[in-house]
Amino acid sequence: MSEQKIALVTGGNGGIGSAICQELADSGMTVIAAYYTPEKETAEAWQAEMKQAGYEFHLVAGDVADYESAGQMIKQAEAEVGPIDVLVNCAGITRDKMLKRMTEEQWSAVIRTNLDSVFNTTQQVINGMLERGYGRVINISSVNGQKGQFGQANYSAAKAGLHGFTMAIAQETALKGVTVNTVSPGYIATDMTKAIAPEILDSITQTIPMRRMGEPEEIAQAVAWLADEKTAYVTGANIPVNGGLFMAA
Ligand code: NDP
C-alpha cells in the first residue's frame with residue numbers, strides 16, 4: 001500500500017464490524033470504529049478488549065440513521081484522524097415481523113438504520129474522496145436483500161435498496177478513483193442471529209449447501225479485498241459470502 005489509508009467502519013464494534021476493523025488493521029490501515037451514541041461504555045470496553053488483542057482503534061460516536069449525527073461523527077473522525085479513504089457501512093438492525101403484523105415504527109426503524117444510513121454517511125465523505133481522487137465504499141447488505149425472507153419485508157427492502165445505491169454511486173464515481181461495492185453475507189454467527197430462535201436457525205442452516213453459518217472473519221476477508229488499493233477495477237459489484245445459500249448468474 002502506497003501510504004497508510006484511513007478506514008471508518010460503522011457498527012465497528014458489532015460482530016461483523018469488529019472482524020472488519022481487525023482485518024483492515026491487519027492490512028495496514030488506520031481504523032476508526034464508529035459506534036451508536038448511547039452505547040459509550042460498551043464501546044469503550046470493546047476498545048480496551050481490542051487493545052489487549054493488539055489493536056489500536058479510534059472511536060467515534062453517532063446515530064447513522066440521522067443525517068446531522070452522522071455528519072458530526074464524520075467531521076470528528078476527519079478532524080481527529082484524517083480524511084477517510086475507506087468507508088464501510090456495516091451498521092444495521094432487524095425488527096422481524098410478518099407484514100400483516102409489522103408496525104410503521106418497525107418498518108421505518110429498519111429503513112432508516114439500514115438504508116437511509118448509507119446516504120447519511122456516504123454523501124458526507126464522497127466529495128472528499130472525489131477531490132482526492134481515491135476512495136473505497138463498501139456497503140454490507142444481506143443474502144435476504146437478494147432473495148427476500150419471510151418475516152423480513154423491512155430488512156429485505158432496505159438491503160435490496162442498498163445495492164441499488166451501490167450501483168448508482170459506482171457510476172457517479174468511476175472516473176475519479178473511487179469504487180463502490182456491496183458485500184452480501186449469508187447467516188453469520190453474531191448477536192444479530194442470536195436473536196433468531198434456535199430451531200428456526202437450525203432449519204435455515206439445513207438449507208445452506210455448506211450446512212454451517214459463516215464466521216465474521218469470512219465477511220471481513222471479502223471487505224478487505226474490496227478495500228485494497230489494488231482492487232481498482234471492481235465497482236458496482238455485489239459479492240455474495242453465503243456458503244452457497246443464494247447463487248445468481
Ligand atoms: P451486530 O448487531 O453485532 O452489529 C450491528 C452494529 O450496528 C452494532 O455495532 C450496532 O450498535 C450498530 N448500530 C445499530 N443501529 C445503529 C445506529 N442507529 N447508529 C449507529 N450504529 C448502529 O450485527 P452484525 O455484526 O451481525 O451485523 C452487521 C451488518 O451485517 C448489519 O448491517 C447486518 O444487517 C449485516 N448482516 C448480518 C448478517 C448476520 O447473519 N449476522 C447477515 C447478513 C447481513 P449497538 O450494538 O451499539 O446498537
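Criteria and cut-off values
Residues numbered from 1 in each chain as written. Predicted model: local features only at pLDDT ≥ 70, side-chain atom pairs only at ≥ 80, totals over all residues. Heavy atoms only, no water. 1 Å grid on protein atoms, 1.4 Å probe; cavity = no way out; pocket = protein on both sides within 12 Å on 5 of 7 lines; lining within 4 Å. Points joined across faces, edges and corners; volume = space filled by probe spheres on them. Helix = DSSP H or I, 4+ residues; strand = E, 2+ residues; numbered from the N terminus. Nonpolar A, V, L, I, M, F, W, Y, C, P; charged D, E, K, R; others polar. Near = heavy atom within 4 Å. Polar contact = N/O pair within 3.5 Å; in protein donor to acceptor, adjacent residues only side chain to side chain. Areas by Shrake-Rupley, 256 points an atom, 1.4 Å probe, with all protein chains shown as cover. Expected span 1.5 Å × (residues − 1). Bend = angle between axes of the 7 residues up to and from the residue. Buried < 20%, exposed > 50% of the residue type's maximum accessible area, 1.4 Å probe, protein only. Contact = heavy atoms within 4.5 Å. Pairing = 2+ DSSP bridges. Axes fitted to C-alpha atoms, helices over the stretch in contact; angles between N-to-C directions.

Student: I'd love a proper account of empty space enclosed by the protein, names of residues and values included.
Tutor: Taken as a whole and assessed by the stated rule, the structure comprises one cavity of 30 Å³ or more. Along its surface, the largest cavity is lined by Thr10, Val64, Asn89, Cys90, Ala91, Asn114, Ser117, Val118, Thr121, Ile140, Lys159 and Leu162. Listing elements by their share of the lining of the largest cavity, those giving two or more residues are helix H4 (104–122) and helix H7 (153–173). In terms of residue count, H4 provides more of the lining of the largest cavity than any other element does, four residues in total. Among the residues forming the lining of the largest cavity, the class breakdown is six nonpolar, five polar and one charged.

Student: Describe the site of the ligand, listing the residues and the values that go with them.
Tutor: Around the ligand, a shell composed of 27 residues is seen, among which Ile16, Asp63, Tyr155, Ile188 and Thr190 lie nearest. Within the backbone of Gly186, a nitrogen or oxygen atom sits 3.5 Å from an oxygen atom of the ligand. Residue Ile188 places a main-chain N or O atom 2.8 Å away from an oxygen atom belonging to the ligand. Within the complex, the protein chains bury 88% of what would otherwise be the 890 Å² of accessible surface of the ligand. When the residues that make up the shell around the ligand are grouped by side-chain class, the tally is 12 nonpolar, 12 polar and three charged.

Student: An account of H4 is needed here, citing residue identities and associated values.
Tutor: The end-to-end C-alpha separation of H4 is 26 Å, in line with the 27 Å expected for 19 residues at 1.5 Å each. Along its length, H4 reaches its greatest deviation from straightness, about 45°, at Asp116. For H4, the full list of buried residues reads Gln106, Ser108, Ala109, Val110, Ile111, Thr113, Asn114, Ser117, Val118, Asn120, Thr121 and Thr122. Considering only its buried residues, H4 is in contact with strand S1 (6–10), helix H3 (67–80), strand S4 (86–89), helix H5 (126–132), strand S5 (135–140) and H7.

Student: Summarise the sheet that holds strand S6 (residues 178–185); cite the residues concerned and give the values.
Tutor: Strand order across the open sheet formed by seven strands is S3-S2-S1-S4-S5-S6-S7, with parallel pairing between neighbours. Strand pairing shows two members of the sheet lacking a second neighbour, strand S3 (58–61) and strand S7 (238–241), which therefore form its edges. Put simply, the sheet's adjacent strands are angled 20° from each other on average, direction ignored. Bridge count between S4 and S5: four bridges; the pairing is parallel. The residue of S5 that forms the bridge with Leu87 is Val137. Sheet contacts for helix H1 (residues 15–26): S1, strand S2 (30–35), S4 and S5; angle to S1, the most-contacted strand, approximately 175°. Strands in contact with H7 are S5, S6 and S7; relative to S6, the strand with the most contacts, it is inclined by about 160°.

Nothing here speaks to function; it is all geometry.
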